Amino acid sequence: MTASQSTPQDGQAIRLSAVSKSYGDYQVLKSIDAEVKRGEVVVICGPSGSGKSTLIRTVNRLEEINSGAIEFEGQNIHAKMRASDLNRLRSRIGFVFQSFNLFPHLSVLENVSMSPVRIKGVAPDVARAKALSLLDRVGLADKANSFPAQLSGGQQQRVAIARALAMEPPVMLFDEPTSALDPEMVGEVLSVMKSLAAEGMTMLCVTHEMNFARDVADRIWFIDAGEILETATPDEFFKNPRHPRAQRFLSDLRH
């Protein structure tokens, strides 16, 4: 590793350098420079269609970029690599989707324990014990033998979080994890996310839950039209946003 690369010692988990992304002639991300420090909770917010979900999906290469670089623990995620190396890299970046993406034909326990066995070679009995512990952590130990269709949306999302945690990733990405939920289920998912933040998990979250952003985030990235227009602490962002577009965004939310 060269001196110019990020190392675990410098406290940097993710670094985006001049990241651009287009779909044909439509540029979704425009030369984004940003970083997430280890143990930091960063919330990405902005209007619909601003590029938030595309941005977070580039961090574990669910979306390819056209130019720039994204480093995770000093490694360029978008460099050419074998599929096995990419899968190994992704296993260290937990991802929680808007739509749960659980396997409907597998039990809750099987959903959580499968990846450690298949990708990391963990012994099945060890993976099962770990999965049960994680399900207990998200308040679903009693649902281990249920199937996804038997769970509420909030319960399914908590299983999805447990599944991501089963790979013991140092970083967790959340792409609007509560937007598909009924309002009464949002709190149970945010509660799990808050507990992860309190334990020091590095988190990058796309969310419309501004109370969560205010209470839990260390920093907020405000994005619009593919550009990060403002980076601030929650206190700075909500009390005194600098960019006119951020001011208008918050004014619209309040009304």
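Model, not experiment: these values are computed from the prediction. (Residues numbered from 1 in each chain as written. Predicted model: local features only at pLDDT ≥ 70, side-chain atom pairs only at ≥ 80, totals over all residues. Heavy atoms only, no water.)

A.B. asks: I'm lost on the pattern of salt bridges in this one. Help?
C.D. replies: Two side chains carrying opposite charge are able to pair once their charged atoms lie near each other. In this structure the tally under the stated criterion is 16 salt bridges. One salt bridge in this structure joins K21 and E63, with 3.6 Å as the shortest N-O distance. One end of the pair, K21, is in strand β1 (residues 12-23); the other, E63, is in the loop between α1 (52-58) and β4 (67-72), and 42 residues separate them in sequence. Both residues of the pair, K21 and E63, belong to the buried class. (Salt bridge = Lys/Arg side-chain N within 4 Å of Asp/Glu carboxyl O. Helix = DSSP H or I, 4+ residues; strand = E, 2+ residues; numbered from the N terminus. Buried < 20%, exposed > 50% of the residue type's maximum accessible area, 1.4 Å probe, protein only.)

A.B. asks: Before we go on, may I ask you to explain the packing of helix α5 (residues 153-165) against helix α6 (residues 183-198) in this structure?
C.D. replies: Contact geometry of α5 with α6 gives a least axis separation of 8 Å together with a crossing angle of 20 degrees. The pairing of α5 with α6 is recorded here as roughly parallel in orientation. Handedness of the α5/α6 crossing: right-handed. Residues G153, G154, Q155, Q157, R158, I161 and L165 of α5 touch α6, and the partners they reach there are M185, E188, V189, V192, M193 and L196. Residues of the contact of α5 with α6, tallied by class, amount to seven nonpolar, four polar and two charged. (Axes fitted to C-alpha atoms, helices over the stretch in contact; angles between N-to-C directions. Parallel < 35°, antiparallel > 145°, perpendicular 65-115°, else oblique. Left-handed = near helix turned anticlockwise from the far one by under 90°. Contact = heavy atoms within 4.5 Å. Nonpolar A, V, L, I, M, F, W, Y, C, P; charged D, E, K, R; others polar.)

A.B. asks: So what exactly am I meant to see when it comes to α6 here?
C.D. replies: Since the α-helix turns once every 3.6 residues, residues separated by three or four places project in the same direction. Helix length check: α6, at 16 residues, gives a terminal C-alpha distance of 23 Å against a target of 22 Å (1.5 Å per residue), a fit within 8%. Among the residues making up α6, those that are buried are M185, V186, V189, L190, V192, M193, L196 and A197. Seen end-on, α6 carries its buried residues on one side only, within an arc spanning 155 degrees. Of the exposed residues in α6, the ones pointing more than 90 degrees away from its buried face are E184 and A198. If you follow the buried residues of α6, they end up packed against β3 (41-45), α4 (124-137), α5, β7 (171-175), β8 (202-206) and α7 (210-216). Residue G200 follows α6 closely and has a positive phi angle near 95 degrees. (Expected span 1.5 Å × (residues − 1). Arc of directions from axis to C-beta.)

A.B. asks: I keep staring at the sheet that holds strand β5 (residues 75-76) and nothing clicks. Help me out?
C.D. replies: Strands in a sheet are paired, the pairing made by backbone hydrogen bonds, and the direction either parallel or antiparallel. One open sheet accounts for four strands, arranged β2-β1-β4-β5; its pairing is antiparallel. The open sheet has two edge strands, β2 (26-37) and β5, and neither has a second partner. In this sheet, β4 lies alongside β1 in antiparallel orientation, the contact comprising five bridges. Across the sheet, the residue bridging to I14 is F72, located in β4. (Pairing = 2+ DSSP bridges.)

A.B. asks: Explain the pairing of β8 here, please?
C.D. replies: The side chains of a regular strand alternate, residue by residue, between the two faces of the sheet. Here β8 lies mainly inside the structure; five of its five residues are buried. Direction of pairing for β3 relative to β8: parallel, over a ladder of four bridges. Among the inter-strand pairings, V42 is bridged to a residue of β8, identified as L204. Inspection of the sheet shows β7 paired to β8 by five bridges, in the parallel sense. Within β8, the residue paired with L173 across the bridge is L204.

A.B. asks: How should I be thinking about the sheet that holds β3 in this particular structure?
C.D. replies: The strand order across the open sheet built from six strands is β6-β7-β8-β3-β9-β10, with neighbouring strands paired in mixed fashion. If you trace the sheet from one side to the other, it starts and ends with β6 (93-96) and β10 (227-232), each paired once. Averaged over all pairs of adjacent strands, the angle between strand axes in this sheet comes to 20 degrees, irrespective of strand direction. Lying on the sheet, α6 is in contact with β3, β7 and β8; it crosses β8 at an angle near 145 degrees.

A.B. asks: Can you walk me through the packing of aromatic side chains in this structure?
C.D. replies: Two measures describe an aromatic ring pair: the distance that separates the ring centres and the angle between the ring planes. One pass over the structure, following the stated rule, counts four aromatic pairs. Between F95 and F97, the ring centres sit 4.5 Å apart and the planes meet at 40 degrees, which makes this aromatic pair tilted. Ring-pair connections join several aromatic residues into one group, and the members of that group are F222, F237, F238 and F249. Of note, R214 hangs over the ring of F238, and the distance from its end group to the ring centre comes to 4.2 Å. (Phe/Tyr/Trp six-rings, centres within 6.5 Å; stacked < 30°, edge-to-face > 60°. Lys NZ or Arg CZ within 6 Å of the ring centre and 35° of its normal.)

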